[in-house]
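# Observations on the model geometry
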Amino acid sequence: MDNHSNNYTDNNFNLYQAYSYTLLLQLETNSFSYAVVHQNRLLVSAQNCDLDELAHPKQLSELLTATYKKVTIGMPATALTLVPGSLFDEEHVAEFARFLDVKENEKVFAQTLDDQNMIVYKTNTKLVAAVEKFNLQNTVYTARGWVKAIEKSSPPDNNLYLEIGKSTVQFLYFPSGKLRFYNTFEFRDQDELAYFTTFVAEELKLKPQQTTLVLSGDVSPGDSNMLRLANFYPKIEINSLKILELPGQIPSHKILALAALSLCGSSEAL
């Protein structure tokens with residue numbers, strides 16, 4: 001557990017008051033991040049925690065077993081498809097899932113992504129087992145809060161949003177205030193990140209000179225990923241959205257997707 005990053009604990013944090021707090025959990029394939037929030041204020045957070053600590057808590061036992069007012073769990077996908085809400089029928093989830101080539105060790109979820117789209121996705125049963133004790137009705141797709149936060153910010157038509165993880169990148173494009181594109185890709189280095197960014201931009205017919213990349217997640221000004229992207233896209237910004245009241249030592253873009261889970265309700269369909 002010594003590889004946590006962006007650790008923070010507010011001096012006023014008290015687990016005896018957990019009944020008034022919200023617990024946010026954001027899962028990745030082999031790790032998870034968490035935050036405890038009260039009245040839009042961050043009380044506790046840590047990122048890149050060992051997934052086994054979630055399934056079999058030791059150091060975090062008291063924090064993860066407390067009784068919270070609300071729990072929201074962001075689940076990742078090994079594959080996904082978007083379905084317009086007007087066409088979605090819960091009885092046909094199995095038919096949509098056929099496009100995902102579901103394996104025996106995967107479970108399918110169908111949930112709301114935004115006001116107009118449902119997302120049908122699959123995730124590893126190992127992750128599902130790790131959070132079942134929190135009630136699977138408290139799960140949402142991992143990017144749902146991030147999508148909602150971007151939508152509420154009235155995004156310009158020329159902005160392409162990237163949420164960069166340790167080995168995954170999510171892309172979001174919101175022209176005219178409506179979701180037109182969302183997808184996620186695995187990448188190994190800055191070259192692959194640049195490749196997928198160019199691929200997405202070309203698919204959307206976005207010209208590099210007229211496109212602004214807005215970055216959040218595991219990125220810092222001047223790091224290798226940002227420098228590589230700058231070779232192709234002259235306009236790059238760090239996402240300045242601030243969802244929660246944060247201490248000065250935590251950059252808001254670093255925990256944007258995690259913090260944005262606080263904007264989500266429970267899932268509607270499983």
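Before going into details, it helps to say that this report is about the structure given with it. (Residues numbered from 1 in each chain as written. Predicted model: local features only at pLDDT ≥ 70, side-chain atom pairs only at ≥ 80, totals over all residues. Heavy atoms only, no water.)

Gaps left between atoms are located by rolling a probe of water-molecule size over the structure's atoms. Looking at the largest pocket, its volume works out to about 840 Å³. Lining the largest pocket are 40 residues, and of these Leu 27, Glu 28, Thr 29, Gly 165 and Thr 168 sit closest to its centre. Broken down by element, the lining of the largest pocket gets its largest block of residues, four residues, from strand β12 (residues 181–186). (1 Å grid on protein atoms, 1.4 Å probe; cavity = no way out; pocket = protein on both sides within 12 Å on 5 of 7 lines; lining within 4 Å. Points joined across faces, edges and corners; volume = space filled by probe spheres on them. Helix = DSSP H or I, 4+ residues; strand = E, 2+ residues; numbered from the N terminus.)

Pairing in this open sheet of three strands is antiparallel, and the strands run β6-β8-β7 from one edge to the other. The open sheet has two edge strands with one neighbour each: β6 (79–84) and β7 (106–112). The mean angle between the axes of side-by-side strands here comes to 20°, regardless of whether they run parallel or antiparallel. Looking at chain direction, β6 and strand β8 (residues 117–124) are connected through six bridges and run antiparallel. For Leu 80, the partnering residue across the bridge sits in β8 and is Tyr 121. (Pairing = 2+ DSSP bridges. Axes fitted to C-alpha atoms, helices over the stretch in contact; angles between N-to-C directions.)

Right, let's talk about the packing of aromatic side chains for a bit. Within this structure, the stated rule accounts for eleven aromatic pairs. Between the aromatic rings of Phe 109 and Tyr 121, the centroid separation amounts to 5.5 Å while the plane-to-plane angle is 15°, which identifies the pairing as stacked. Taken together, the positions of Phe 109 in strand β7 and Tyr 121 in strand β8 put the pair twelve residues apart, joining distant regions of the chain. Note on accessibility: Phe 109 and Tyr 121 belong to one class, buried. Pairwise contacts between aromatic rings join Phe 171, Phe 185, Tyr 195, Phe 196 and Phe 199 into one cluster. A cation over an aromatic ring shows up here: Lys 107 above the ring of Phe 109, its NZ or CZ 5.7 Å from the ring centre. (Phe/Tyr/Trp six-rings, centres within 6.5 Å; stacked < 30°, edge-to-face > 60°. Buried < 20%, exposed > 50% of the residue type's maximum accessible area, 1.4 Å probe, protein only. Lys NZ or Arg CZ within 6 Å of the ring centre and 35° of its normal.)

Let us now look at the sheet that holds β12. Within a beta sheet, neighbouring strands are joined by backbone hydrogen bonds and run either parallel or antiparallel to one another. Across the sheet, five strands lie side by side as β12-β11-β10-β13-β14; this open sheet has mixed pairing. Either end of the sheet is taken by a strand with one partner, and the two such strands are β12 and β14 (235–238). Each neighbouring strand pair of the sheet contributes to a mean axis angle of 20°, computed without reference to strand direction. Direction of pairing for strand β10 (residues 159–164) relative to strand β11 (residues 168–173): antiparallel, over a ladder of five bridges. If you follow Leu 160 over to β11, its bridge partner there is Tyr 173. Seen against the sheet, helix α5 (residues 144–152) touches β10, β11, β12 and β13 (212–217) and runs at an angle of roughly 35° to β11. Those strands touched by helix α6 (residues 190–203) are β10, β11, β12 and β13, and its axis lies near 155° from that of β12. (Contact = heavy atoms within 4.5 Å.)

Our next topic: the pattern of salt bridges. Evaluation of the coordinates by the stated rule reveals seven salt bridges. Arg 41 is paired through a salt bridge with Asp 10; the nearest N and O atoms lie 2.9 Å apart. With Arg 41 in strand β4 (residues 41–50) and Asp 10 in the loop between β1 (5–9) and β2 (22–27), this pair connects stretches of sequence that are 31 residues apart. With a shortest N-O distance of 3.4 Å, Asp 218 and Lys 166 are connected by a salt bridge. Of this pair, Asp 218 sits in the loop between β13 and α7 (224–230) while Lys 166 sits in the loop between β10 and β11; the two residues are 52 residues apart in sequence, bridging distant segments of the chain. The class of Asp 218 is partly exposed, set by a relative accessible area of 31%. (Salt bridge = Lys/Arg side-chain N within 4 Å of Asp/Glu carboxyl O.)

To continue, consider α6. A rise of 1.5 Å per residue sets the reference length of α6, with its 14 residues, at 20 Å; its end C-alpha atoms lie 20 Å apart and thus fit the reference within 8%. Along α6, the residues classified as buried are Glu 192, Leu 193, Ala 194, Phe 196, Thr 197, Val 200 and Ala 201. Buried residues in α6 make contact with β10, β11, β12, β13 and α7. Where α6 starts, the residue carrying a side-chain oxygen 3.1 Å from the main-chain nitrogen of Asp 191 turns out to be Asp 189. Phi turns positive, to about 60°, at Lys 205, one or two residues after α6. (Expected span 1.5 Å × (residues − 1). Polar contact = N/O pair within 3.5 Å; in protein donor to acceptor, adjacent residues only side chain to side chain.)

All right, on to the pairing of strand β3 (residues 31–38) then. Summarising burial for β3: seven of the eight residues are buried, a large majority. In this sheet, β3 lies alongside β2 in antiparallel orientation, the contact comprising six bridges. Residue pairing in the sheet places Leu 27 in a bridge with Phe 32 of β3. Counted between consecutive antiparallel strands, the loop separating β3 from β4 contains two residues, among which Gln 39 sits at a positive phi close to 50°.

Bear in mind that shape data such as this cannot, by itself, settle questions of function.
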